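Structure assessment
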Amino acid sequence: MALNDLSVVAEVFPDTSEVYFRKGLCFYYMGDPDNSLANFYQALELDPENPEILVNLSTVYYSMKEFESSREMLEEALLMDPEIPEAYSGLALLEIRDQKPNLAMDYIEYALSLAPDNPYFLNNRGYIHLTTGNYESALGDINASIEIDPYNSWSYRNKGIYYYKTEKYEDALRLLNKANEMDKNLESIDLYLGLTHNELGNTDKACEYFYNGLSAGDEQCREAMENFCLK
């Protein structure tokens, strides 16, 4: 419906970058990264000094697992505006993928110093705490994120991961299912759904999730399949 409305606007204002920016967001949330990129690049052509467009290009590249391109977009955005907090949050996620938790925490803390109540930054800090075993700090940040924005599927995914890591598997399954219903494209969602089902004794269901995750390019699911499904 949003795309239909934007098409009407585009007929009246065909050279407005905001139209293409919004279309890029729509396609991203619809799970269509190619059309999302095409529209963000069109927006950038019309508004080349807008760092927010670069940050969103980075997000799409991240979702496509093109991490170097994601980093390049963020670094270019920071050249335009060294105080854009979303870029530091994005860099934090890239550093945690590279197993550099201290650097990741530095980036996310700086993002939060610029925007203290941003629910996405709080959630990302919670995720960094999860990866370092600081579970209670993780839960505090994730709950704070959900209180500010109860519609962010990543927060429910992370809370599900928290419950998995603290061996509360029924709660983990409930939260992970909720996150998956909200967004089928969440990173590592199939992995943790599979791991949780495996702990609950649902081996066939676990292997189904591992296979889905591997088919979507999550290599962590390969190891899980080898450990639990290929025996």
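Everything below is about the structure shown above.
Parameters and conventions
Residues numbered from 1 in each chain as written. Predicted model: local features only at pLDDT ≥ 70, side-chain atom pairs only at ≥ 80, totals over all residues. Heavy atoms only, no water. Patch = residues over 30% accessible without salt bridge, like charges linked within 9 Å, V, L, I, M, F, W, Y side chains within 5 Å. Areas by Shrake-Rupley, 256 points an atom, 1.4 Å probe, with all protein chains shown as cover. Salt bridge = Lys/Arg side-chain N within 4 Å of Asp/Glu carboxyl O. Lys, Arg positive; Asp, Glu negative; His and termini not counted. Charge placed at Lys NZ, Arg CZ, Asp CG, Glu CD. Buried < 20%, exposed > 50% of the residue type's maximum accessible area, 1.4 Å probe, protein only. Disulfide = S-S within 2.5 Å. Helix = DSSP H or I, 4+ residues; strand = E, 2+ residues; numbered from the N terminus. Phe/Tyr/Trp six-rings, centres within 6.5 Å; stacked < 30°, edge-to-face > 60°. Lys NZ or Arg CZ within 6 Å of the ring centre and 35° of its normal. Axes fitted to C-alpha atoms, helices over the stretch in contact; angles between N-to-C directions. Parallel < 35°, antiparallel > 145°, perpendicular 65-115°, else oblique. Left-handed = near helix turned anticlockwise from the far one by under 90°. Contact = heavy atoms within 4.5 Å. Core = buried A, V, L, I, M, F, W, Y, C linked by side-chain atoms within 4.5 Å. Polar contact = N/O pair within 3.5 Å; in protein donor to acceptor, adjacent residues only side chain to side chain.

1. Digging into a negative patch on the surface
Taken together, Glu68, Glu72, Glu75 and Glu76 make up a surface patch of like negative charges. A relative accessible area of 36% means that Glu76 is categorised as partly exposed.

2. Notes on the state of the cysteines
Summed over all chains, the structure comprises one disulfide. Between Cys207 and Cys229 runs a disulfide, and the two sulfur atoms are separated by 2.0 Å. Sign of the S-S torsion, about -105° for the bond between Cys207 and Cys229, identifies this disulfide as left-handed. Separated by 22 residues along the polypeptide, Cys207 in helix H13 (residues 203–215) and Cys229 in the segment after helix H14 (220–228) bring together distant segments of the chain. There is no disulfide at Cys221, and the cysteine sulfur nearest it, in Cys229, is 9.6 Å away.

3. Description of the packing of aromatic side chains
Inspection of the entire model under this criterion finds nine aromatic pairs. Pairing Tyr62 with Phe67 gives two aromatic rings, centres 5.2 Å apart and planes at 75°, and the pair type is edge-to-face. Ring geometry for Tyr164 versus Tyr192: centroids 5.7 Å apart, planes at 75°, classification edge-to-face. Residue Tyr164 is located in helix H10 (residues 153–165), and its partner Tyr192 is located in helix H12 (residues 189–199); the two are separated by 28 residues in the primary sequence. Neither residue differs from the other here; Tyr164 and Tyr192 are each classed as buried. The rings of Tyr88, Tyr107 and Tyr110 are connected pair by pair, giving a single aromatic cluster. Directly above the ring of Tyr156 sits Lys178, whose terminal nitrogen or CZ lies 4.9 Å from the centroid.

4. Quick word on the packing of helix H7 (residues 101–114) against helix H8 (residues 119–131)
What describes two packed helices is the angle between their axes and the distance between those same axes. Relative to each other, H7 and H8 sit at 160°, their axes nearing to 10 Å. In terms of their interaxial angle, H7 and H8 are classed as roughly antiparallel. Along this stretch, H7 crosses H8, giving a crossing that reads as left-handed. Between H7 and H8, the contacting residues are Pro101, Ala104, Met105, Ile108, Glu109, Ala111 and Leu112 on the first element and Phe121, Leu122, Asn124, Arg125, Ile128 and His129 on the second.

5. Notes on the nonpolar core
Side chains that are nonpolar tend, in soluble globular proteins, to be buried together. Counting 35 residues, the largest nonpolar core has Phe40, Ile53, Leu57, Ile108 and Ile128 as the members making the most contacts within it. Those elements that provide at least two residues to this core are helix H2 (17–29), helix H3 (33–46), helix H4 (51–63), helix H5 (67–80), helix H6 (85–97), H7 and H8. With sequence-adjacent residues up to four places away left out, Leu57 is seen in contact with Leu37, Phe40, Tyr41, Leu44 and Met73.

6. A word on the side chain of Glu95
Position of Glu95 relative to the elements: it lies in helix H6. With a relative accessible area of 4%, Glu95 lands in the buried category.

7. What to know about the side chain of Ser145
For Ser145, the position within the fold is in helix H9 (residues 135–148). Owing to a relative accessible area of 0%, Ser145 belongs among the buried residues under this scheme. Within the structure, Ser145 has its side chain in polar contact with the side chain of Ser155 (distance 3.0 Å). Sequence-distant contacts of Ser145, that is, excluding residues within four places in its chain, are made with Pro119, Tyr120, Leu122, Asn123, Asn152 and Ser155.

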